[in-house]
Amino acid sequence: MNNHFREQAIDALADPQLRDNFRGAMDFLRAKRQSAFTDTEALKQLRALGHKIKANTLARLPDLLEQLEQNCLQNGIQVHWAETPEQACEVIHNIISAQNGQLAVKGKSMVSEEVGLNHYLEKRGIESLESDMGEYIVQLANETPSHIIMPAIHKSKEQIAHLFEDKIEGVDYTDNVDELIGTGRQILREKFSQADVGISGVNFAVAETGTLCLVENEGNGRMCTTVPSTHIAITGIEKVVATLDDIPPLLSLLTRSATGQNISTYFNMISSPRKTGEKDGPQSVHLVLLDNGRSRMYQDENLQQTLRCIRCGACMNHCPVYSRIGGHAYGTVYPGPIGQVVMPQIDGLDKQGEMTEGCSLNGACGEVCPVEIPLPNLIRKLREQKSAKPDGHALTPGAGSQRKPKEAFAWSLWQTLYGQPWLYRFVTKMATRLRHASPRAIGGWTRYRTAPKPAPKSLHELMSQRAEANQTDGASK
Amino acid sequence: MTTTANMSAKQQPSQVYFFGTCLIDLFYPEAGLSAIELLEREGIQVHYPQAQTCCGQPAFNSGYNDEAIAVAAKQIELLSDPIPVIVPSASCAAMMKHHYPTLFENHPMSSKANELASRVYELTEFLVRVLDISLTDKGTPVKIAMHTSCSARREMAVTEDGFSLIRQLKNVSIVEPERASECCGFGGTFAIKQPEISAAMAEDKCQAIHNTGASKMISGDCGCLMNLNGVMEKTNRGIKGEHLASFIIDRTRT
């Protein structure tokens with residue numbers, strides 16, 4: 001059982017450098033998003049449209065996936081279905097080994113992190129090199145991404161300078177950002193030309209045309225998808241959209257919500273492998289469609305809303321908990337509010353249920369979500385399933401596994417107390433009478449705060465005294 | 001009680017229910033009394049059912065819906081006459097207005113829950129939007145920091161109402177702390193279950209309030225007040241938070 005969320009959060013809170021890095025980065029991203037959405041009415045309409053597009057897509061998900069497959073096949077893109085991470089890795093490994101590939105270059109893809117692709121390939125003797133600068137830094141440091149858009153956001157430029165100095169031969173310390181990026185680029189350029197296979201994610205897969213859309217800023221993504229002779233794209237099944245018309249509003253919401261950009265530097269649309277007479281592009285293109293719990297999420301009418309996510313990371317950037325503890329404290333592939341909703345559904349509530357407690361239900365994530373996913377409600381829903389009674393009908397794996405007898409008893413006691421007005425009045429009256437004896441230490445609360453003291457008289461008492469006084473007044477008049 | 005108040009836009013209700021919230025009942029009763037006085041001063045008859053306890057939010061937020069329903073159902077029965085229900089806390093108001101309908105979905109009391117939800121007002125919302133009250137400041141000049149709860153800001157969207165009330169007080173200058181829209185870290189059981197994260201949030205918020213140079217902090221939510229006052233007191237910052245209703249009553253009483 002993963003019960004490390006709290007411990008990891010405490011460690012993160014104790015690291016002032018980490019807290020500074022996150023605070024600064026999150027403030028920056030929040031301000032950027034705000035300046036990209038100056039017209040609140042327009043934003044409202046665009047969010048509603050984004051919500052509608054994704055909801056309509058989900059309503060026809062099975063049909064759209066079939067349509068996507070057909071059109072991809074027609075375009076010459078080979079389509080593979082993977083139910084589990086293992087299956088996805090196996091499919092990709094088979095494609096690479098069929099051509100005796102040794103080196104794969106990878107564009108940014110959270111789904112490839114979800115299935116643990118690098119690790120799988122490396123264990124089988126295939127080098128899989130991250131080519132997104134942030135991912136490259138994280139890979140160099142033997143870490144995992146701490147954010148879904150900006151994987152190395154937890155590191156300062158000085159920390160990256162030390163990392164490059166330590167890990168890359170012939171590189172001296174410099175915290176000049178341009179020089180650091182130059183170093184990374186030089187190394188990656190060489191690898192692009194040597195790679196047998198390019199791997200990428202997918203931001204939108206268009207069913208009507210069989211087109212894979214990729215949003216990126218660095219240009220490394222298109223190197224991965226055009227230079228090597230084989231391109232393998234991997235995506236969750238929820239990334240399908242019906243038509244090309246759906247793309248502009250979603251893209252606008254994605255880039256503005258993520259980094260505050262009106263549009264990304266690159267937007268790639270891949271519809272087929274290299275055609276006869278064309279001078280570049282891969283000889284073969286593969287699409288791996290991953291389920292990994294998504295069709296199960298689809299069965300629950302509430303939790304299905306999870307699948308609207310376009311992976312912009314805005315919920316993380318605005319989450320006061322994520323801002324303070326960073327992505328690694330969650331110990332999962334997807335961190336922050338969307339992670340708290342996705343991960344327990346993928347891995348099971350028994351393994352990831354605890355992370356749903358890392359939320360004050362303040363609503364900031366739901367407020368900024370570009371496709372209006374009611375994240376606080378979904379977190380609450382998962383808390384309910386986590387401690388559900390054994391006879392419940394929850395679909396999420398591990399439902400009820402974290403029902404703690406002590407906690408359940410405390411809530412039944414709470415129900416008894418607040419469900420019986422006379423008992424409630426009696427107990428609160430006692431609490432006010434014994435206010436000087438009220439506990440000075442209440443668990444974690446008083447480690448950082450003084451304990452609240454009951455008032456000399458409760459509002460109930462004061463109001464009933466007032467009513468009595470009024471009656472006496474009335475009688476004497 | 002048999003009176004049915006007509007809630008047309010132009011006609012003021014003559015009677016309301018007051019739902020005091022469990023935190024106010026035990027820890028901040030003066031905030032409740034102040035709110036009631038504000039309503040009564042406008043000529044409104046305030047009913048305070050003695051059988052009220054808690055809106056059910058703590059259990060609901062913790063995922064114990066059966067327990068939340070059991071307690072919430074009692075409040076629904078209790079507040080059954082068709083008159084407005086005034087709640088001096090945005091988070092409890094939001095529970096009744098926005099979460100009762102989903103909590104009671106597929107429950108025999110569903111229509112009653114929906115009907116109640118349609119009558120729930122957060123205190124400042126009611127004072128400003130329904131009663132359109134005017135205030136005359138009788139206090140000395142003071143600078144206050146306004147803390148708006150997340151529920152007031154996002155679920156109830158009444159932030160502006162609190163501000164517009166305080167702005168009527170001539171001698172009061174309002175400042176908003178840095179990152180005003182960020183949560184103070186209370187979150188009910190969150191503060192107990194994740195004390196370290198909660199404390200980091202509360203500490204930052206207190207520092208931001210301290211940085212404003214205000215001598216007082218005002219909020220419409222007692223959960224935030226309990227949290228922030230606890231930290232202010234522990235760290236001897238010398239700023240005390242007060243419920244908006246108490247602050248207004250103190251400055252406008254003759």
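Given the structure is predicted, the values throughout are model-derived calculations rather than measurements.

Asker: Where do I start with the side chain of Gln57(B) in this structure?
Answerer: Residues and elements named next belong to chain B. By the element assignment, Gln57 lies in helix H3 (residues 57–61). By relative accessible area, Gln57 is classed as buried at 15%. The contact partners of Gln57, leaving out residues within four places of it in the chain, are Ser91, Cys92 and Met95.

Asker: Hey, could you run me through unusual backbone geometry in this one?
Answerer: Generally, phi is negative for residues other than glycine and the peptide bonds are trans, each holding for most cases. One non-glycine residue with positive phi stands out, namely Glu372(A), at about 55°. Within the fold, Glu372(A) resides in the loop between helix H18 (364–368) and helix H19 (375–386). The phi angle at Asn236(B) is positive, at roughly 50°, despite the residue not being glycine. Mapped onto the fold, Asn236(B) is located in the loop between helix H12 (222–234) and strand S8 (240–243).

Asker: Teacher, can you tell me more about the pattern of salt bridges here?
Answerer: Pairing between side chains of opposite charge can happen when their charged atoms approach one another. Residues and elements named next belong to chain B. In total, this model carries 35 salt bridges over all chains according to the counting rule given. Between Glu37 and Arg253 there is a salt bridge, with the nearest N and O atoms lying 2.9 Å from each other. Of the two residues, Glu37 sits in helix H2 (residues 29–41) while Arg253 sits in the segment after helix H13 (244–252), which places them 216 residues apart along the sequence. For Glu37, a relative accessible area of 25% translates into the label partly exposed. Arg253 sits in the partly exposed class, given a relative accessible area of 40%.

Asker: Honestly, the domain arrangement of chain B in this entry has me stumped. Any pointers?
Answerer: Interface size is commonly expressed as the accessible area that is lost once the parts come together. Residues and elements named next belong to chain B. Domain assignment breaks chain B into domain 1 (15–129) and domain 2 (135–252). Domain 1 and domain 2 are separated by 22 Å when their C-alpha centres are compared. The partner domain 2 presents 29 residues to the 28 residues of domain 1 that form the contact. Between domain 1 and domain 2 lies a buried interface of about 2200 Å² when both sides are counted; carbon and sulfur atoms form 64% of it. The interface formed by domain 1 and domain 2 holds one salt bridge in total. Across the pair Arg129 and Asp161 runs a salt bridge whose closest N-O atoms are separated by 2.8 Å. The interface formed by domain 1 and domain 2 includes 12 residue pairs in polar contact (both at pLDDT 80 or more). Elements represented by at least two residues in the side of domain 1 that touches domain 2 include exactly helix H1 (22–26), H2, helix H5 (90–103) and helix H7 (123–130).

About the thresholds
Residues numbered from 1 in each chain as written. Chains lettered and ligands numbered in written order. Predicted model: local features only at pLDDT ≥ 70, side-chain atom pairs only at ≥ 80, totals over all residues. Heavy atoms only, no water. Helix = DSSP H or I, 4+ residues; strand = E, 2+ residues; numbered from the N terminus. Buried < 20%, exposed > 50% of the residue type's maximum accessible area, 1.4 Å probe, protein only. Contact = heavy atoms within 4.5 Å. Salt bridge = Lys/Arg side-chain N within 4 Å of Asp/Glu carboxyl O. Domains from an automatic or database assignment. Buried area = accessible area lost by both parts, 1.4 Å probe. Polar contact = N/O pair within 3.5 Å; in protein donor to acceptor, adjacent residues only side chain to side chain.

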